[in-house]
Each structure stands twice: as structure tokens, then as C-alpha cells.
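Fold and geometry: a report
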Amino acid sequence: MAESHCSFSASSGGHPMAVSGYGKRHVPAQRPRRKDDFAELKPRAAAVAAYIDRLPEGADISIKALAARLPYGQQAVGTALRQMSAAGHLRRVRERPPGCGQWVTRTYFSRVPRSDTWWAGFFAEAESAEPAAVRETAGKAAPEEDAAPEPDGAQERPERPERSRAYGTLARLGEADPRMGLSAADCEELAPLVAQWFARGAGERQVVEALTAGLPGEGVHSPRAVAAWRLEHKIPPPQPVRSRTLRLVECTVCGAPGRPEALPGGLCRECRGGERRDGSGGAQDDAQAVDVRRKADAVRAAMARGRRRGSPDEPRASRAGALRGTALGR
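Not measured: the values here are computed from a predicted model. Residue numbering note: each chain is counted from 1, following its sequence as written. Local features in this predicted model are restricted to residues of pLDDT 70 or higher, and side-chain atom pairs are both shown and tallied only at a pLDDT of 80 or more, whereas totals for entire chains, interfaces and linings draw on every residue. For side-chain calculations, the full set of non-hydrogen atoms in the structure is used, while hydrogens and water are omitted.

Digging into the environment of Pro260
To be explicit about the condition: Secondary structure elements are taken from DSSP: a helix is a run of H or I of four residues or more, a strand is a run of E of two residues or more, and numbering for both begins at the N terminus. Contacts are assigned to residue pairs that have any heavy atoms within 4.5 Å of one another.
Mapped onto the elements of the fold, Pro260 is located in the loop between β5 (257–258) and α11 (269–272). Considered as a pair, Pro260 and Gly121 are 139 residues apart in the sequence and their alpha carbons are 9.3 Å apart. Aside from chain neighbours lying at most four places away, what touches Pro260 is Ala120, Phe123 and Val249.

Okay, here's the thing in C-alpha cells:
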């Protein structure tokens, strides 16, 4: 069914990819493609599903990205994704892998419709698994360390990128607040303290804000001393070591996060309110359609009345009637 309604499914080669770590993810145990794939979906949703099915791992399948490539608008694509989610073909998930300081949004796609129980079990199993993004990062870092023989003093090599970033943060501190401008020697001396902040998960913005917030209005006598004191006494606590991926399922329509059991069909309570079990609109959509027809009929009636009033024969008839009335009155 999907192939008969999806003439554009084979042209998915130029589809944009998501930022590394984001985008489409296949679920395991996918069956081979068949002609009756997505037969339980409506034609448009089946066409969108067949297109997504052919996209590679990591493709951007947001509503905007899909609408830019498909002959449907964003609202139509959003409705198709809602129907696919209600049928069990996809789930949007917000994840925070171990050792990662930010959340990433991924969309897991299944060619076979899955039940809510299956999805809940899949996410429970995957929580202790190492994410692919972490594996890819680790795989790329290893060759760089082994690419060349290590010279003398190689023990300091792992600190150099961190110190370089720390040095750059301190060197640009004067741009955030001219009162905290540091010399090259100051930056070299304080860089190890900033590196400790980075090791505890702090970012450059957090370091800059800690060093420039609440400065005295009359000026800073010794920027180096102020920076050293704040870096030593305001350092954030060490991050707890996590071996599990934090995961929250998102509503396919509005992105509201929650546990899998709180989002049956991948939809929150509000977005699920007017849904039938097949993912199509229920009484709410029917009422909206009736309201649209009623308003359209009112507009047509108003336009018809306006045309009758503006008819060139109407003023002439009115004047003739007025003249006859005058003659009779005489």
C-alpha cells in the first residue's frame, strides 16, 4: 500500500542529516520491506512512513525537514507523524548519554507497528546500553592518540587541549568585562584552575559568568587575584559518575517529555484528546469540519447579498418606484 501512494519515496537520497548524535534511529529486528508495509495507515501517512523508512540512520526527520522534501505542508506532515506514532511506528525520545552534558533528541522508527508494551520494554532494555554517539566518539579519539610515537613528556599531552581551551577562555575574559583583562602570564598561571572547572562539566560561559558577575563598581585592582580566588572557591562540585543513559519519551506532536507509560501511542493527554485508536481525528475534528462549512456558507450568503445590493438594475428600479409613488400622491 505504501509504495502505491509514495512516488517520492525513492528520492530520499538528498535528505539532510541531523546533527551528530541526533536524528532517526532504527529499532532492532526489522523485517524486510514488503508491499503491504504501513497498510494500517491512511494513504498520506503511509507515504510519509515509506519515505522515512528509506532514510539512513541519523537523518533529520523533524517536521520542517520532512515538509521541505515532501509535497506536503508542515501541518500535514505533523498529522502523518501523529498517526504513525499512534499506530506504533515511531517514538521521539530525549536522551542524555553517560558522560554527556547535554540532552539529544532522537526518533526511533519501526517498520512494523509496535505496541506500547513493546516500546516500554525496548527503552528499559536500552537504558543500560552504551549509546552509539559515545561509541563513535571513543572510536575517533583512539587513532589520534596512537597515530605517532610519543616523545618525551608525553604524560602532559592529554592536558594540552584542555589547557589550550582554558587559556583561550581566560584570554577572552576582557571582552566580557574590560575590568577583568588578564595578561598572557596570568592566563598561563590560571589555566590549570579553569581546566578543573571543565573537568567537572562546566562550560566556558559558566566560567566567564563566575569571573565577571558582581564585580565592584569602582573597578578591580588586581584581576588576576580576583580570578584566582573565584576559580578556587566557586568551583562546582564533581559530577556523579553515571553508567546509564537518562531517557524521556517525548510527545510526537508537542514534544512534552514523560515516561513511556505516561505517553500511550507516543502522545500526551492533550494531544491524545481528539484521537481515535487509528490515529485519525475523532469528534473534535468532525466538529471543526462542521464549523468550517457553516462559516463558508455564511460567507457565500453575505457575498450573494452584496452582489444583489450592488446590481445596476436595483437603483433604477428604486427610482422608478419612487416616481410612481410621487405621481400617485398627486
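Following the structure, the description resumes.
Here's the deal with the confidence of the model for the protein
Spelled out, the test is: What pLDDT conveys is the predictor's confidence in a given residue, as a value from 0 to 100.
Chain-level pLDDT for the protein is 75 on average; 68% of the residues reach the 70-or-more range. Least confident of the elements in the protein is helix α5 (residues 132–146), whose mean pLDDT is 36; most confident is helix α1 (residues 43–53), at 94. Note that residues 128–162 has pLDDT below 50 and, in this model, 17 contacts with residues that lie over four places away or in other chains. Note that residues 275–286 has pLDDT below 50 and, in this model, 17 contacts with residues that lie over four places away or in other chains.

Focus on helix α3 (residues 74–87)
Along an α-helix, residues three or four positions apart point the same way, because every turn accommodates 3.6 residues. The line we're drawing: Helix span, expected: 1.5 Å multiplied by one less than the number of residues in the helix. Only protein chains enter the accessibility calculation, which uses a 1.4 Å probe; a residue whose area is less than 20% of its type maximum is buried, one above 50% is exposed, and one in between is partly exposed.
Helix length check: α3, at 14 residues, gives a terminal C-alpha distance of 20 Å against a target of 20 Å (1.5 Å per residue), a fit within 8%. Inspection of α3 places Ala76, Val77, Gly78, Ala80, Leu81, Arg82, Gln83, Met84 and Ser85 among the buried residues, and these make up the whole buried set. Note on α3: the residue one or two positions beyond its end, Gly88, has a positive phi of about 100°.

Description of helix α9 (residues 204–212)
When α9 is considered as a whole, its buried residues turn out to be Val207, Val208, Ala210, Leu211 and Thr212. Once α9 finishes, Gly214 follows within two positions and takes phi at roughly 70°, a positive value.

Describing the state of the cysteines
Our working rule: By disulfide we mean two sulfur atoms from cysteines, separated by a distance within 2.5 Å.
Summed over the entire model, instances satisfying the criterion amount to zero disulfides. The cysteine Cys251 is free of any disulfide, with Cys254 supplying the nearest cysteine sulfur at 3.7 Å. Cys271 supplies the cysteine sulfur nearest to Cys268, a cysteine that is in no disulfide, at a spacing of 3.6 Å. Accessibility expressed as a relative area gives 7% for Cys268, which makes it buried.

Quick word on the pattern of salt bridges
Should their charged atoms come close, side chains of opposite charge can pair. Where we set the bar: For this document, the term salt bridge refers to a Lys or Arg side-chain nitrogen within 4 Å of an Asp or Glu carboxyl oxygen.
In total, this model carries 12 salt bridges according to the counting rule given. The residue Arg179 makes a salt bridge to Asp177 at a minimum N-O spacing of 2.9 Å. Note that Glu189 and Arg224 form a salt bridge whose closest N and O atoms lie 3.5 Å from each other. Within this pair, whereas Glu189 is found in helix α8 (residues 184–199), its partner Arg224 is found in helix α10 (residues 223–233), the two being separated by 35 residues in sequence.

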